[in-house]
Amino acid sequence: VKFGVEGYSKCVAQSFRELAKRRPDLLDRILCVPFAPGVVQTEMNRNKGLPTADEWCKDAAPFLLQIPESESGSSLVMPGYYSAEYQATWVVPADEKMNATWVKPR
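The sections below set out a description of the structure shown in this document. As the structure is a computational prediction, the values presented were derived from the model and not from experiment.

**So, the overall build of the protein chain**
Okay, so step 1: When helices and strands are tallied, the protein chain shows three helices and two strands.
Okay, so step 2: In the protein chain, the order of α-helices and β-strands from amino to carboxyl end is α-β-α-β-α.
Okay, so step 3: Considering only contacts within the protein chain whose residues lie at least 6 apart along the sequence, 59% involve residues at least 24 apart.
Okay, so step 4: Total accessible area on the protein chain is roughly 7700 Å²; 59% of this is exposed by carbon and sulfur atoms.

What follows is the structure in structure tokens.
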């Protein structure tokens, strides 16, 4: 499922980029990023070694609000919530940029 969401998010970001070409008023106003939020304590995951959702929100809000439109389509990771070793196992690396160009299918 994760890879489907990742691919779909990148497609949505490309669509936003194309829409902004026709609607300049939308430029820099809409973006879509596949985002790996990290792991937190929940009712199902009671691991006390993890941050609570309230703690995560205090870290995540400033990070999410500073994402520029130029990152639309990039695969982003919440800093500090995954180890580098774990991220190295991902198929789509963190901070991978979206292709600058694309061709519509015939």
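From this point, the discussion proceeds with the structure in view.
**So, empty space enclosed by the protein**
Okay, so step 1: Evaluated as defined, the whole model comprises one cavity of 30 Å³ or more.
Okay, so step 2: Here the largest cavity defines a volume of roughly 70 Å³.
Okay, so step 3: If you go around the largest cavity, the residues you meet are Phe16, Arg17, Leu19, Ala20, Leu26, Leu27, Asp28, Arg29, Ile30 and Glu69.
Okay, so step 4: Partitioning the lining of the largest cavity into residue classes produces six nonpolar, no polar and four charged.

Rules behind the numbers
Residues numbered from 1 in each chain as written. Predicted model: local features only at pLDDT ≥ 70, side-chain atom pairs only at ≥ 80, totals over all residues. Heavy atoms only, no water. Helix = DSSP H or I, 4+ residues; strand = E, 2+ residues; numbered from the N terminus. Contact = heavy atoms within 4.5 Å. Areas by Shrake-Rupley, 256 points an atom, 1.4 Å probe, with all protein chains shown as cover. 1 Å grid on protein atoms, 1.4 Å probe; cavity = no way out; pocket = protein on both sides within 12 Å on 5 of 7 lines; lining within 4 Å. Points joined across faces, edges and corners; volume = space filled by probe spheres on them. Nonpolar A, V, L, I, M, F, W, Y, C, P; charged D, E, K, R; others polar.

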